[in-house]
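Report on the structure
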Amino acid sequence: IKLLQHAWKNTRVGPEFFTSLPRSGAAGTLKGLRRLPDVRAKTGSLAHVSNLVGILHGQSGQPYFVVFLSAHAKKTAAELQTIRDELLYKLTQKL
């Protein structure tokens, strides 16, 4: 989180860094997140592991940094991704 906060405040690095991240509904593993309006994040997964690090903007436009880490779970990476995506959706509805 501290690295994301630092990048956000750094006008020399931040804009390029955050625009380089995949956007929800547009590309890569975030392509399926069409119902999330503005999430930019990097994901990673292996068997029984699913992670996401990035930024989302709440309904107010306020930026929030998010980190989801799950490892050694008793669910598959696809199941973890579904849970993570649902949590992200619910979070954006509350912010």
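Procedures and definitions
- Residues numbered from 1 in each chain as written.
- Predicted model: local features only at pLDDT ≥ 70, side-chain atom pairs only at ≥ 80, totals over all residues.
- Heavy atoms only, no water.
- Helix = DSSP H or I, 4+ residues; strand = E, 2+ residues; numbered from the N terminus.
- Rg over C-alpha atoms; globule rule 2.2 N^0.38 Å.
- Contact = heavy atoms within 4.5 Å.
- Pairing = 2+ DSSP bridges.
- Buried < 20%, exposed > 50% of the residue type's maximum accessible area, 1.4 Å probe, protein only.
- Core = buried A, V, L, I, M, F, W, Y, C linked by side-chain atoms within 4.5 Å.

1. So, the overall build of the protein
- From N to C terminus, the protein includes three helices and three strands.
- N-terminal to C-terminal, the α/β element order of the protein is α-α-β-β-β-α.
- For a compact globule of 95 residues, the expected C-alpha radius of gyration is about 12 Å, and the protein comes in at 13 Å, within 12% of that figure.
- Along the first, second and third principal axes, the C-alpha atoms of the protein reach 40 × 25 × 20 Å.
- For the protein, long-range pairs separated by at least 24 residues make up 38% of all intrachain contacts whose partners lie at least 6 apart in sequence.

2. Remarks on the pairing of strand β1 (residues 39–46)
- The sheet contact formed by β1 and strand β2 (residues 49–57) spans eight bridges and is antiparallel. What sits directly across from glycine 44, in β2, is asparagine 51.

3. Brief notes about the side chain of serine 50
- Relative to the elements of secondary structure, serine 50 occurs in strand β2.
- On the basis of relative accessibility, which here comes to 3%, the residue serine 50 falls in the buried class.
- Beyond its immediate chain neighbours, meaning those up to four positions away, serine 50 contacts Gly44, Ser45, Phe68, Leu69, Ser70, Ala77, Leu80, Gln81 and Arg84.

4. Digging into the nonpolar core
- Counting ten residues, the largest nonpolar core is built from Leu30, Leu33, Leu36, Val39, Ala41, Leu52, Leu56, Val66, Phe68 and Leu88.
- For leucine 52, the residues in contact, after removing those within four places along its chain, are Leu30, Ala41, Lys42, Thr43, Val66, Val67, Phe68, Arg84 and Leu88.
- Counting five residues, the second largest nonpolar core, distinct from the first, contains Leu4, Ala7, Leu21 and Ile55.

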